[in-house]
Amino acid sequence: MSGKKRDDGLENNATYYVDETHDPAIFKIAQEVRAKIKEKFGKDIDLRLGLKTGLYQEIGRIASTNLYPDGHKEVVIDYDIAKKLAQTDRGKTILANICAHESGHTLLGHAKSFQQALEDAQSPMRRQKQELEADVVSAIATGSSAGVEANSEFAKEINQPPSNYHHPDPADRVKAAQAAAKNGGSSIAVTYDEDCKINDIQSVPLNVTQLVQIKAPADCK
Ligand SMILES: [Zn+2]
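Residues numbered from 1 in each chain as written. Predicted model: local features only at pLDDT ≥ 70, side-chain atom pairs only at ≥ 80, totals over all residues.

Draft legend 1. Spotlight on the overall build of the chain. Summing up its helical and strand segments, the chain has 8 helices and 7 strands in all. For 221 residues, the compact-globule estimate of 2.2 N^0.38 gives 17 Å, and the chain sits close to it at 17 Å. The principal-axis extent of the C-alpha atoms belonging to the chain is close to 55 × 35 × 35 Å. Looking at the chain as a whole, 38% of its 221 residues qualify as buried. Pairs at least 24 residues apart make up 64% of the contacts formed inside the chain by residues separated by at least 6 positions. (Helix = DSSP H or I, 4+ residues; strand = E, 2+ residues; numbered from the N terminus. Rg over C-alpha atoms; globule rule 2.2 N^0.38 Å. Buried ≥ 20, exposed ≤ 12 C-beta atoms within 10 Å, placed from the backbone. Contact = placed C-beta atoms within 7 Å.)

Draft legend 2. Looking closely at the nonpolar core. In terms of nonpolar packing, the biggest core is built from 50 residues, with Ala-82, Leu-95, Cys-99, Val-136 and Ala-180 touching the most fellow members. Dropping the residues within four chain positions of it, Val-136 is found in contact with Ala-176, Ala-180, Ile-188, Leu-211 and Val-212. (Core = buried A, V, L, I, M, F, W, Y, C linked by C-beta atoms within 7 Å.)

Draft legend 3. Structural context of the sheet that holds strand S5 (residues 187-192). The 3 strands lie next to each other as S6-S5-S7, forming an open sheet whose pairing is mixed. With one partner strand each, in any of the chains shown, strand S6 (198-204) and strand S7 (212-215) form the two edges of the open sheet. Adjacent strand axes in the sheet meet at a mean angle of 20°, parallel and antiparallel pairs treated alike. Judged from the 4 bridges that link them, S5 and S7 form a sheet pairing that is parallel. From the neighbouring strand, Thr-191 faces S7, where its bridge partner is Lys-215. Of the strands in this sheet, S5 and S7 touch helix H6 (residues 124-142), which is tilted by about 145° from S7. Contacts from helix H8 (residues 170-181) reach S5 and S6, with the element oriented near 15° to S6. (Pairing = 2+ DSSP bridges. Axes fitted to C-alpha atoms, helices over the stretch in contact; angles between N-to-C directions.)

Draft legend 4. A look at the packing of H6 against H8. Axis separation between H6 and H8 bottoms out at 8 Å; the angle between their running directions is 40°. With respect to each other, H6 and H8 are oriented oblique. In terms of crossing hand, the pair formed by H6 and H8 is right-handed. Residues Leu-132, Asp-135, Val-136, Ser-138, Ala-139 and Ile-140 of H6 pack against Arg-173, Ala-176, Ala-177, Ala-180 and Ala-181 of H8. For the contact of H6 with H8, the per-class residue count stands at 8 nonpolar, 1 polar and 2 charged. (Parallel < 35°, antiparallel > 145°, perpendicular 65-115°, else oblique. Left-handed = near helix turned anticlockwise from the far one by under 90°. Nonpolar A, V, L, I, M, F, W, Y, C, P; charged D, E, K, R; others polar.)

Draft legend 5. Just the sheet that holds strand S1 (residues 15-17), in detail. A sheet is described by the order of its strands in space; here 4 strands give the open sequence S1-S2-S4-S3, paired in mixed fashion. Both outer strands of the open sheet, S1 and strand S3 (63-67), are each paired with one neighbouring strand and no more. For this sheet the average axis-to-axis angle between neighbouring strands, irrespective of direction, equals 35°. Sheet topology places strand S2 (residues 50-52) next to strand S4 (residues 73-78); 3 bridges connect them, and they run parallel. Considered in S4, the bridge of Leu-51 is made with Ile-77. Set on the sheet, helix H4 (residues 89-107) makes contact with S3 and S4; between it and S3 the angle comes to about 30°.

Draft legend 6. Layout of the environment of Ala-180. Looking at the secondary structure, you find Ala-180 in helix H8. It is 13 Å that separates the C-alpha atoms of Ala-180 and His-101, two residues lying 79 residues apart in sequence. Every residue in contact with Ala-180, bar those within four places of it in the chain, is listed here: Val-136, Ala-139, Ile-140, Gly-185, Ser-186 and Ile-188.

Draft legend 7. Structural detail: the pairing of S4. The sheet contact formed by S3 and S4 spans 5 bridges and is antiparallel. Considered in S4, the bridge of Asn-66 is made with Glu-74. Joining the antiparallel neighbours S3 and S4 is a turn of 5 residues, in which Gly-71 adopts a positive phi near 90°.

Interpretation in functional terms is not warranted from these geometric data alone.
This is how it looks when you write it as structure tokens:
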């Protein structure tokens, strides 16, 4: 219930914006990712990162991007999970991946409007491509597939329910990140089979306007 206080004095379902004073470890991770994205892709993405109490219970995801009617976006991460992750090296790798992945969505102009988000939701292939693109951005920005791998393991550990937004299979996301981290940063080519399922993922030379190249039968949507 919104407005109710928790035992620790925080409001339920409230967003606390990450800053240098209250969340120095998380702030540092977010700033490092921001600098790497700027270095590799030439764009400065301000995530306006927030920690939200009760997010995981509410939506069954660790992080989510909120889109406002004016087109402004903000990224929220579950408060308790983020605070815990910030205490270990593995957790920091996961947080960096979350920041880089969500920055990737903004960088590539995904879900710029409600209308576009609704349209994208109709196409499993388009949604999968967007998720893989965000994972590829993360792998290139952080120079490694470790974040996507750790995130995928962590999702299993906390029994994260399967997404209803056509997310790719976690094993395919790991494959995509590994392919993207090769040679200091690669694009990937994703081949779909006749059943419109991902069949193969390969590294291809980096092409920043086409990070994920899809090869699929014409009737796949
Ligand atoms: Zn995503």
